[in-house]
Amino acid sequence: MAPKEPDYVEISNQRAKEKKTHVSFPQLKYPSLRDEGLKDPVLWLTGKAMDDGAEGLWRVHDKLYDLESFIDRHPGGREWLELSKGLDVTEAFEAHHLNPSTEKMLSKFYKRDAKSPRNSPFTFQDDGFYRSLKKRVWEELKTIPKMENRRSDMVADGLLATCLAASTIASWAENYWIATAACFVASVCLAWILVAAHNYIHRGPNFRMYYFNLGLWSYRDFRVSHVLSHHLYTNTLMDLEVSGFEPIIFWNPRKERPFYADYAIVIEQFIFPFMFIINFLKRISLIFYRPGFFTRHIRWHDGIGLLLPLWIYLTSGASFYHAVVTWLWINCTASFIFFTIGSNAAHHHPMIFKDGDEVSDITPDWGMHELEAVMDRRDINDSHFKVMTFFGHHSLHHLFPTLDHAVLEHLYPVFLEYCEKYKANFKETSSLDLFIGQIKATLKTRPTLLTEKKSRY
């Protein structure tokens with residue numbers, strides 16, 4: 001039986017202080033290694049493996065599977081199985097495989113039952129919201145034109161071409177105003193390229209996923225921090241895109257936290273411009289800091305981000321020094337834009353679920369939880385270009401991450417029908433309200449109680 005509401009705030013504060021369990025889901029242990037080291041994706045994988053009871057195999061629900069012989073035949077590419085070996089991949093399996101025949105194929109690799117309960121609060125009942133919606137979406141996809149994704153491809157490729165042209169002009173032009181304008185255009189396009197590349201990272205191997213590395217990031221790392229962590233355990237303690245900012249920025253409501261936490265919006269202005277470079281240097285440092293990191297996690301595409309300054313130098317005719325300075329200007333401005341877009345995209349608002357908020361005793365359907373942790377923006381979803389460059393159609397994207405954003409817009413009739421049927425909490429607001437809500441979320445120290453919520457699981 002859930003505690004009375006006046007008691008919940010005190011209980012949640014105690015749970016947060018002790019760090020033995022999740023606050024909202026006290027039946028789950030506190031994630032191993034969550035607050036350790038550099039909070040990088042590889043450490044997240046290591047900590048999750050310690051908690052998942054997968055015994056070095058792949059866990060789906062309460063069964064263990066040996067997919068070693070299937071890695072090279074996996075339609076989504078071997079990398080997904082390499083990264084997820086030793087983990088409970090239930091949420092990933094459910095969200096990434098819409099075809100019902102996938103379960104039959106999986107059964108061929110059954111090894112044995114798991115010995116421990118899942119360290120996840122989410123369920124996938126056949127008659128629940130998510131699985132019911134997924135079945136209907138699978139049928140709906142057969143009616144959608146197969147070439148719809150070309151619209152997304154044109155946006156991504158157009159942004160790349162514009163970025164390359166503008167970066168050359170920025171270093172070549174002798175006129176200050178022309179150079180400055182070109183730098184700004186290149187910066188915006190670079191930030192938008194990374195956002196658009198996010199549309200492709202959730203899928204199997206494709207060349208547009210490498211666009212993400214132009215910002216000195218690693219799409220492979222992003223597949224962990226964003227796809228396997230944030231997308232599947234949104235705003236819980238297992239969300240690396242929340243814990244990765246601690247102890248500088250705190251998204252979860254906590255009574256005990258540093259004094260500077262109230263100034264997150266100011267701190268963001270100073271750290272966001274350097275996040276691309278910081279992430280690159282952090283990854284380089286791990287080569288020396290963590291044994292085996294280079295051979296296991298460094299790949300050829302980690303150097304793609306260095307091609308942009310080389311391009312500027314070769315095409316502009318400027319000195320190497322001038323080309324590098326121009327690139328740094330573009331990279332830092334793009335970093336600021338990208339993280340500003342990301343922090344105001346969908347997940348930070350007082351009415352969005354965060355670990356600490358009170359939930360009912362009913363174990364939540366995974367799809368229902370995703371909608372509790374997401375808020376869409378009406379003024380972004382009305383244009384495909386804005387959808388591709390500002391993380392639009394975010395609720396549907398979280399539910400069906402492998403589908404192209406151009407396809408998602410066709411699913412709204414079915415999606416809204418099932419939201420109404422299951423009383424799922426699909427939320428929409430404006431970009432301005434979400435921006436203000438993001439600031440309020442960083443100031444929030446008290447969890448939201450059930451009676452204060454407009455929704456329920």
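Residues numbered from 1 in each chain as written. Predicted model: local features only at pLDDT ≥ 70, side-chain atom pairs only at ≥ 80, totals over all residues. Heavy atoms only, no water.

1. Remarks on the layout of surface pockets
Heads up, the condition is: The distinction between a cavity and a pocket rests on a 1 Å grid over the protein atoms alone: a 1.4 Å probe fits inside a cavity but cannot get out, while a pocket stays open yet meets protein on both sides within 12 Å along at least five of seven lines, and a residue with an atom within 4 Å of a point counts as lining. Grid points are joined across faces, edges and corners, and a volume is the space filled by probe spheres set on the points. Strands are runs of DSSP state E lasting at least two residues, helices are runs of H or I lasting at least four, and both sets are numbered from the N terminus onward. Amino acids outside the nonpolar list (Ala, Val, Leu, Ile, Met, Phe, Trp, Tyr, Cys, Pro) and the charged list (Asp, Glu, Lys, Arg) are all regarded as polar, and Gly is one of them.
There is about 1,100 Å³ of room inside the largest pocket. What lines the largest pocket is a set of 37 residues, among which Gly76, His96, His97, Leu98 and Thr402 lie closest to the centre. Contributing elements (two or more residues each) for the lining of the largest pocket: β1 (58–60), α3 (78–84), α4 (90–96) and α5 (101–107). With 4 residues, the top contributor of residues to the lining of the largest pocket is α5. Residue classes in the lining of the largest pocket are distributed as 21 nonpolar, 12 polar and 4 charged. Its volume calculated, the second largest pocket comes out at about 910 Å³. Trp217, Glu241, Phe245, Met275 and Phe339 are the residues nearest the centre of the second largest pocket, which is lined by 41 residues in total. Of all the secondary structure elements, the ones that give two or more residues to the lining of the second largest pocket are α9 (219–230), α10 (240–243), α12 (275–289) and α15 (320–343). Element by element, the count of residues in the lining of the second largest pocket is highest for α12, at 7 residues. Residues that form the lining of the second largest pocket fall into these classes: 21 nonpolar, 12 polar and 8 charged.

2. Things to note about the UniProt feature "domain: Cytochrome b5 heme-binding" (unreviewed entry) in the protein
Here is the rule we go by: UniProt positions are given in the numbering used here, feature names are shortened, and annotations may be inferred rather than shown by experiment.
In the numbering used here, UniProt assigns the "domain: Cytochrome b5 heme-binding" (unreviewed entry) feature to residues 60–115. A helix fraction of 38% and a strand fraction of 14% characterise residues 60–115, whose end C-alpha atoms lie 13 Å from each other.

3. Looking at the environment of Arg203
Basically, it comes down to this: For this analysis, residues touch if any pair of their heavy atoms sits within 4.5 Å. In protein, a polar contact means a hydrogen-donor-capable atom and an acceptor-capable atom, both N or O and within 3.5 Å, with residues adjacent in sequence counting only if both atoms are side-chain atoms; elsewhere, any N or O pair within 3.5 Å suffices.
Note that Arg203 resides in the loop between α8 (176–201) and α9. Considered as a pair, Arg203 and Thr402 are 199 residues apart in the sequence and their alpha carbons are 5.4 Å apart. For Arg203, the contacting residues outside a window of four places in its chain are Gly76, Trp80, Arg223, Thr402 and Asp404. Reaching out from Arg203, the side chain makes a polar contact with the backbone oxygen of Asn199 at a distance of 3.3 Å. At 2.6 Å, the side chain of Arg203 and the side chain of Asp404 are in polar contact.

4. Notes on the nonpolar core
Across soluble globular proteins, nonpolar side chains show a tendency to be buried alongside one another. Cut-off, in case you're wondering: Remark: nonpolar core denotes a set of buried residues (Ala, Val, Leu, Ile, Met, Phe, Trp, Tyr, Cys) joined through side-chain atoms within 4.5 Å. The rule is simple: take the accessible area with a 1.4 Å probe, protein chains only, and divide by the maximum for that residue type; under 20% is buried, over 50% is exposed, in between is partly exposed.
If you look at the biggest cluster of nonpolar residues, it comprises 107 residues, and the most contacted ones within it are Phe129, Leu133, Phe212, Phe338, Phe400 and Phe415. Looking at this core element by element, the count peaks at 15 residues for α8. Each residue touching Phe212, except ones within four places of it in the same chain, is listed here: Leu194, Ala197, Ile201, Trp217, Ser218, Tyr219, Phe222 and Phe338. In terms of nonpolar packing, the next biggest core, distinct from the first, is built from 5 residues, Val9, Ala16, Val23 and Leu449 among them.

5. Quick word on the UniProt feature "transmembrane region" (unreviewed entry) in the protein
The UniProt entry lists residues 178–201, 263–281, 302–321 and 327–346 under the feature "transmembrane region" (unreviewed entry), expressed in the numbering used here. Segment residues 263–281 splits into 79% helix and 0% strand. End C-alpha atoms: 26 Å apart. Along residues 327–346 the backbone is 85% helical and 0% strand, and the end-to-end C-alpha distance reaches 30 Å.

6. Digging into the sheet that holds strand β3 (residues 110–113)
Definition in use: Only strands joined by at least two bridges in the DSSP assignment are considered to pair. Axis definition: a line fit to C-alpha positions, over the contact stretch in the case of helices; interaxial angles, taken between N-to-C directions, run 0 to 180 degrees.
Pairing in this open sheet of 3 strands is antiparallel, and the strands run β1-β2-β3 from one edge to the other. The two strands at the open ends of the sheet, each matched to only one other strand, are β1 and β3. The mean inter-strand angle of the sheet, taken between neighbouring strand axes irrespective of direction, is 35 degrees. For strand β2 (residues 63–65) and β3, the ladder comprises 3 bridges, and the chain directions are antiparallel. Each bridged residue has a counterpart across the sheet, and for Lys63 the counterpart in β3 is Asp113.

7. Topic: empty space enclosed by the protein
All chains considered together, the criterion is met by 5 cavities of 30 Å³ or more. Estimated volume of the largest cavity: approximately 170 Å³. Lining the largest cavity we find 17 residues, and of these Pro31, Ser32, Arg34, Trp44 and Lys48 sit closest to its centre. At the level of secondary structure, the elements contributing two or more residues to the lining of the largest cavity comprise α2 (41–52) and α10. Take the lining of the largest cavity: its biggest share by element is 6 residues, from α2.

8. A few points about unusual backbone geometry
One can expect most non-glycine residues to show negative phi and most peptide bonds to be in trans. The omega torsion across Glu246 and Pro247 is 5 degrees, close enough to zero to call that bond cis. By secondary structure assignment, the location of Pro247 is in the loop between α10 and α11 (264–271). A positive phi angle, near 75 degrees, is found at Leu216, a position not held by glycine. We classify Leu216 as buried; its relative accessible area is 5%. Phi at Phe391 takes a positive value of approximately 55 degrees, unusual for a residue other than glycine. Its location among the elements puts Phe391 in the loop between α18 (384–389) and α19 (394–399).

9. As for the pattern of salt bridges
Where charged atoms from two side chains of opposite charge approach closely, those side chains can pair. Keep this limit in mind: Definition used for salt bridges: Asp or Glu carboxyl oxygen within 4 Å of a side-chain nitrogen of Lys or Arg.
Applying the stated criterion across every chain yields a total of 35 salt bridges. In this structure, Arg112 engages Glu55 in a salt bridge whose closest nitrogen and oxygen atoms are separated by 2.8 Å. Of this pair, Arg112 sits in strand β3 while Glu55 is found in the loop between α2 and β1, placing the two residues 57 residues apart along the sequence. Two residues, Arg59 and Asp62, come together in a salt bridge whose shortest N-O distance is 2.9 Å. Given a relative accessible area of 0%, Arg59 falls into the buried group. Through salt bridges with shared partners, a single ionic network connects Asp72, Arg78, Glu79, Glu82, Arg220 and Arg223.

10. What to know about a nonpolar patch on the surface
Just so we agree on the cut-off: Residues with no salt bridge and a relative accessible area higher than 30% make up the patches, which join like charges within 9 Å and nonpolar side chains (Val, Leu, Ile, Met, Phe, Trp, Tyr) within 5 Å. All accessible-area figures derive from a Shrake-Rupley calculation using a 1.4 Å probe, and residue coverage is judged against the displayed protein chains alone.
On the surface, Leu307, Leu310, Tyr313, Leu314 and Phe320 cluster together into a nonpolar patch covering about 520 Å² of accessible area. Sort the elements by how many residues they give to the nonpolar patch and helix α14 (residues 307–316) lands first, with 4 residues. Take Leu310: its relative accessible area is 42%, and that puts it in the partly exposed class.

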